[in-house]
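One-letter residues, chain by chain:
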Amino acid sequence: MTQRRRKLRKSRKFLCCSNMTRRGSRSLIQICAYLAFITTTVADDREECDKTKCPGPLAYYEVLGCIPVFKKEGDCCATKYNCDHLKQRSTSKCYVNGKEYEIGEVLKEEDANPCDIGCTCHPGYDKIATFNCAIVDCFQGPAKPGCYRKRSPLNCCPGEEVCRKNVEPFCVKPKHPYCSPDFRHASNIFNNCPPVYYSTQSPQTGCSVFSRCQNNNDTVIHKEDDLKSADKNPDDKDVCHFGNMTMHRGDELNQATDYSSVCVKCICEVPPVLTCQRLPDEECDVTNHPPFHQTF
């Protein structure tokens with residue numbers, strides 16, 4: 001129906017242009033061509049959708065299986081994501097590929113990536129279950145000049161030394177997403193610790209390098225009113241959660257409260273997870289911060 005209306009509007013414009021151009025005006029012909037270009041461009045813009053230009057930590061939402069929520073049907077970018085299924089998880093179980101593992105249960109081969117060796121579900125340091133795996137040492141020394149060590153997605157460590165070119169590539173899908181915090185960092189999910197990306201990374205497509213967790217020095221910089229407090233309604237579905245703090249859209253966290261927050265901008269863009277990204281070196285000096293007292 002929408003496409004038919006577009007064609008009808010377009011045909012009316014061309015009919016009008018046809019009537020005008022019969023009078024022999026060259027300028028009117030140019031106007032008609034311009035109108036035709038604008039009509040086509042608007043239609044194309046509505047049909048194309050580039051998710052990489054949407055705000056928010058989209059790659060993080062995807063690996064956790066969160067459901068996008070749109071303001072209206074047909075929108076390209078989600079205004080928020082529904083991650084309620086994560087609230088139903090138990091702190092005494094491990095999760096991977098939608099499966100539950102009990103404490104002490106060994107990771108099945110069907111769920112293991114090449115470097116997941118001797119993995120068992122264990123209670124973490126904060127009593128939140130996570131997989132504990134053997135430490136793998138892949139040191140083999142440097143390759144000869146002009147050569148390299150063959151890497152395979154089926155093996156954990158590099159293989160034989162290769163000194164020829166044009167090795168045929170192939171693709172293998174990992175048995176569980178490497179970017180997901182599910183496997184080794186489940187506590188970040190339970191504690192509402194958002195992923196942090198380098199300034200050169202894309203939160204829409206990249207894997208986070210670490211997470212930022214709440215500490216006693218964290219405060220919220222409110223976008224609209226410093227007196228406004230999101231904590232009054234912690235069950236609001238249209239807010240971001242950071243630790244036990246609740247933030248409205250546009251709210252930011254203060255920076256340099258610990259080592260993980262130096263030069264890291266965290267803003268509530270697409271709830272419920274904050275978008276956190278390290279600022280470029282030309283904008284922020286990571287060595288310029290107050291002294292931190294490390295606790296053990």
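Summarised in this report is the structure supplied together with it. Fair warning: this is a prediction, and the values are worked out from it, not measured in the lab.

### Remarks on the overall build of the chain
Secondary structure summary: the chain contains four helices and 16 strands in total. Taken across its 296 residues, the chain has 33% of its residues classed as buried. Taking contacts inside the chain between residues at least 6 apart in sequence as the whole, the part at least 24 apart equals 51%. In the structure as shown, the chain presents an accessible area of about 19,600 Å², 52% of it carried by carbon and sulfur atoms.

### Focus: the packing of aromatic side chains
By the definition in use, this model includes four aromatic pairs. Judged by centre distance (4.7 Å) and plane angle (20°), the ring pair of Phe131 and Phe183 falls under stacked. A residue pair is termed long-range when its members are at least 10 positions apart, and Phe131 in strand 6 (residues 129-132) and Phe183 in the loop between strand 8 (161-162) and helix 4 (186-190) qualify at 52 residues. Geometrically, the ring pair formed by Tyr259 and Phe292 is edge-to-face, given 4.7 Å between the ring centres and 75° between the ring planes. Residue Tyr259 is located in the loop between strand 14 (252-253) and strand 15 (264-267), and its partner Phe292 is located in the segment after strand 16 (275-278); the two are separated by 33 residues in the primary sequence. Among the residues examined, Tyr259 registers a relative accessible area of 48% and is labelled partly exposed.

### Observations regarding the nonpolar core
Counting 14 residues, the largest nonpolar core has Tyr60, Tyr61, Leu64, Cys66, Tyr81, Cys83 and Leu86 as its most contacted members. When residues in this core are grouped by element, the largest group, three residues, is from helix 3 (residues 58-63). Look past the residues within four positions of Leu64 in its chain and what remains in contact with it is His85, Leu86, Ser180, Pro181, Asp182 and Ile189.

### Thoughts on the state of the cysteines
Counted according to the given criterion, the structure contains 13 disulfides. The partner cysteine of Cys119 in its disulfide is Cys133, sulfur to sulfur 2.0 Å. In this structure, the disulfide formed by Cys119 and Cys133 twists by about 115° around the S-S bond and is classed as right-handed. In this pair, Cys119 is assigned in the loop between strand 4 (99-102) and strand 5 (120-123) and Cys133 in the loop between strand 6 and strand 7 (148-149), connecting sequence segments 14 residues apart. A relative accessible area of 10% places Cys133 in the buried class. With a sulfur-sulfur separation of 2.1 Å, Cys266 is cross-linked through a disulfide to Cys276. Given an S-S torsion of about 120°, the disulfide between Cys266 and Cys276 has right-handed geometry.

### Concerning unusual backbone geometry
At the junction of Pro271 and Pro272, the peptide bond is cis and its omega measures out at 10° in the coordinates. Examined against the element boundaries, Pro272 turns out to sit in the loop between strand 15 and strand 16. Backbone geometry places Lys127, a non-glycine residue, at a positive phi of 70°. With respect to the helices, strands and loops of the structure, Lys127 is situated in the loop between strand 5 and strand 6. Judged by relative accessible area, Lys127 falls into the exposed class, the value being 65%.

About the cut-offs
Residues numbered from 1 in each chain as written. Predicted model: local features only at pLDDT ≥ 70, side-chain atom pairs only at ≥ 80, totals over all residues. Heavy atoms only, no water. Helix = DSSP H or I, 4+ residues; strand = E, 2+ residues; numbered from the N terminus. Buried < 20%, exposed > 50% of the residue type's maximum accessible area, 1.4 Å probe, protein only. Contact = heavy atoms within 4.5 Å. Areas by Shrake-Rupley, 256 points an atom, 1.4 Å probe, with all protein chains shown as cover. Phe/Tyr/Trp six-rings, centres within 6.5 Å; stacked < 30°, edge-to-face > 60°. Core = buried A, V, L, I, M, F, W, Y, C linked by side-chain atoms within 4.5 Å. Disulfide = S-S within 2.5 Å.

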